[in-house]
Amino acid sequence: MVLPGLPEKLPHVALPRGVQEAWQLKRSLGERAVYSGGGTLLRTQWENQVQPVPFQLIALDRLKMLRGIHVSDGGMVEVGAMSTLNECIADPLLTRSAPQLIQALRQIAAPAVRNLATLGGNVCSWSGDVLPALLALDAEVSVYAEGKQLRLPLDAWLNTSTRDPHALLCRIYVPPAADGAEDGLSLAMYAKVGRRQAFTASLVTVAVAGRFTKNGTVRGIRIVAGGGGAAAQRLTAAENLLEGGQLSKERLFAVSDAIRNQYQAASDAFAGAEYRAEAAANLVAAHLWQIKDFKAP
Ligand SMILES: Cc1cc2nc3c(=O)[nH]c(=O)nc-3n(C[C@H](O)[C@H](O)[C@H](O)COP(=O)(O)OP(=O)(O)OC[C@H]3O[C@@H](n4cnc5c(N)ncnc54)[C@H](O)[C@@H]3O)c2cc1C
């Protein structure tokens, strides 16, 4: 007899002890196997029949290399892919270096889910709400792929057409926060629009990073939009309009137009792509508008 809510055939579960062993198992079984972090997304996919229950789960729980949060040699905050969302939220290093990331994490699901859900699982869902924040921060990743350990920018990994489909995400590297003392104001921001205030899937998410210097120019600006099943995208046309320039009213109108034109949002039963692009443009422009009259003390 099958208990209610359980699939008819339960998957086998493997608990590899090394990343190479996990990757080899995944490669040998191909689509019949999936890696499992916290399993929170996988479970909803099976329940909603978006994905079939696999023959084999490769549970990543015993991989020590995928645990822990600390400062790495280059000063980056290094986060194991199996760190839960709540472990990341509670971490003082991440809180200091990446306020946008913490804001993104706090708005994902509910505390009970965040105790199980992992940062690696969110990234590897390819449309997770942390992706805009991580891309705006210029995060890097280390992955075990093609039989070796690789380290590369997250942006490059997400957008590589030749990506190893069995790649195992091991660690995520977040650059340290800029000192800022002589640098003016941080432009860091993350916003999520859903269908209700909390515990909701995203319609649109946006993240901004960079600085508004004491002499009133924008430096190191990065703007990313995502959410609602769309891949997170760098909005380079708007970035180019802002970089090295001032936050004038005319420029902010142009930035808003550029986002609306460039952002390839997704459409679904809840909101059209046009609405989402409009929302992304408004969120970024409103944030920059609040800062535009900032005068350094
Ligand atoms: C009630 C509820 C609400 C939710 N709300 C949100 C939300 O608001 N925003 C949001 O972004 N998500 C949301 N989610 C989805 C999910 O909880 C998060 O995306 C979570 O971070 C996924 O992490 P996980 O460890 O559970 O991933 P899993 O379910 O274990 O895996 C997700 C995918 O990533 C792959 N994977 C996992 N780890 C690795 C790895 N190290 N290397 C390679 N591949 C890997 C898996 O094979 C799978 O394809 C919600 C889920 C639930 C149940």
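Conventions adopted
- Residues numbered from 1 in each chain as written.
- Predicted model: local features only at pLDDT ≥ 70, side-chain atom pairs only at ≥ 80, totals over all residues.
- Heavy atoms only, no water.
- Salt bridge = Lys/Arg side-chain N within 4 Å of Asp/Glu carboxyl O.
- Helix = DSSP H or I, 4+ residues; strand = E, 2+ residues; numbered from the N terminus.
- Buried < 20%, exposed > 50% of the residue type's maximum accessible area, 1.4 Å probe, protein only.
- Near = heavy atom within 4 Å.
- Polar contact = N/O pair within 3.5 Å; in protein donor to acceptor, adjacent residues only side chain to side chain.
- Areas by Shrake-Rupley, 256 points an atom, 1.4 Å probe, with all protein chains shown as cover.
- Core = buried A, V, L, I, M, F, W, Y, C linked by side-chain atoms within 4.5 Å.
- Contact = heavy atoms within 4.5 Å.
- Pairing = 2+ DSSP bridges.
- Right-handed = clockwise from strand over helix to strand, strands pointing away.
- Domains from an automatic or database assignment.
- Buried area = accessible area lost by both parts, 1.4 Å probe.

Draft legend 1. Expanded view of the pattern of salt bridges. Counting across every chain of the model gives 12 salt bridges. With a closest N to O distance of 2.6 Å, E78 and R171 form a salt bridge. Pair noted here: E78 is in strand β5 (residues 77–80) and R171 is in strand β8 (residues 168–174), with a separation of 93 residues, a long-range link. Of the two residues examined, E78 and R171, each falls in the buried class. A salt bridge links D293 to K292, with the nearest nitrogen and oxygen atoms 3.3 Å apart. Take D293: its relative accessible area is 54%, and that puts it in the exposed class. For K292, a relative accessible area of 18% puts it in the buried group. A single network of salt bridges, built from pairs that share partners, joins D138, R222, R234 and E239.

Draft legend 2. Local environment of the site of the ligand. Inspection of the region around the ligand gives 29 residues, with Y35, G37, G38, T40 and T118 positioned closest. T40 places a side-chain nitrogen or oxygen 2.5 Å from an oxygen atom of the ligand. The separation between an oxygen atom of the ligand and a polar side-chain atom of T118 is 2.6 Å. Burial of the ligand by the protein chains amounts to 85% of its free accessible area of 970 Å².

Draft legend 3. Main features of the nonpolar core. Grouped together as the largest cluster of nonpolar side chains are 54 residues, with contacts concentrated most on L66, L94, L101, L105, L134, L154 and L168. Residues within four places of L168 in sequence aside, it is in contact with V19, A22, Y35, L60, L63, L66, S142, V143 and Y144. Judged by nonpolar contacts, the second largest core, of 32 residues, contains A265, A266, A279 and I291.

Draft legend 4. Summary view of the pairing of strand β3 (residues 56–59). Residue alternation in β3 divides its side chains into two sets, Q56 and I58 and L57 and A59, and both sets are buried. Bridge analysis of strand β1 (residues 12–14) against β3 gives three bridges, and the strand direction is parallel. Across the sheet, the residue bridging to H12 is Q56, located in β3. Bridge count between strand β2 (residues 33–36) and β3: four bridges; the pairing is parallel. Among the inter-strand pairings, V34 is bridged to a residue of β3, identified as L57. Running through helix α2 (residues 40–47), the crossover from β2 to the neighbouring parallel element β3 is right-handed.

Draft legend 5. The side chain of T217, seen in detail. With respect to the element layout, T217 can be found in the loop between β11 (202–212) and β12 (218–227). Overall, the relative accessible area of 11% leaves T217 in the buried class. Not counting residues up to four positions away in its chain, the partners in contact with T217 are R211, F212, G244, G245 and Q246.

Draft legend 6. Broad picture of the domain arrangement of the chain. Segmenting the chain into domains produces domain 1 (12–59), domain 2 (64–174) and domain 3 (184–291). With 19 residues of domain 2 in contact, the opposing surface of domain 3 contributes 19 residues. Each partner contributes to the roughly 1500 Å² buried at the junction of domain 2 and domain 3, and carbon and sulfur atoms together form 56% of this total. Here domain 2 is connected to domain 3 by three salt bridges. Residues D129 and K192 are paired through a salt bridge, measuring 2.9 Å at the closest nitrogen-oxygen approach. Counting every contact that joins domain 2 to domain 3 gives six residue pairs in polar contact (both at pLDDT 80 or more). Elements with a contribution of two residues or more to the side of domain 2 that touches domain 3: α5 (99–106) and α8 (131–136). Broken down by element, the side of domain 2 that touches domain 3 gets its largest block of residues, five residues, from α8.

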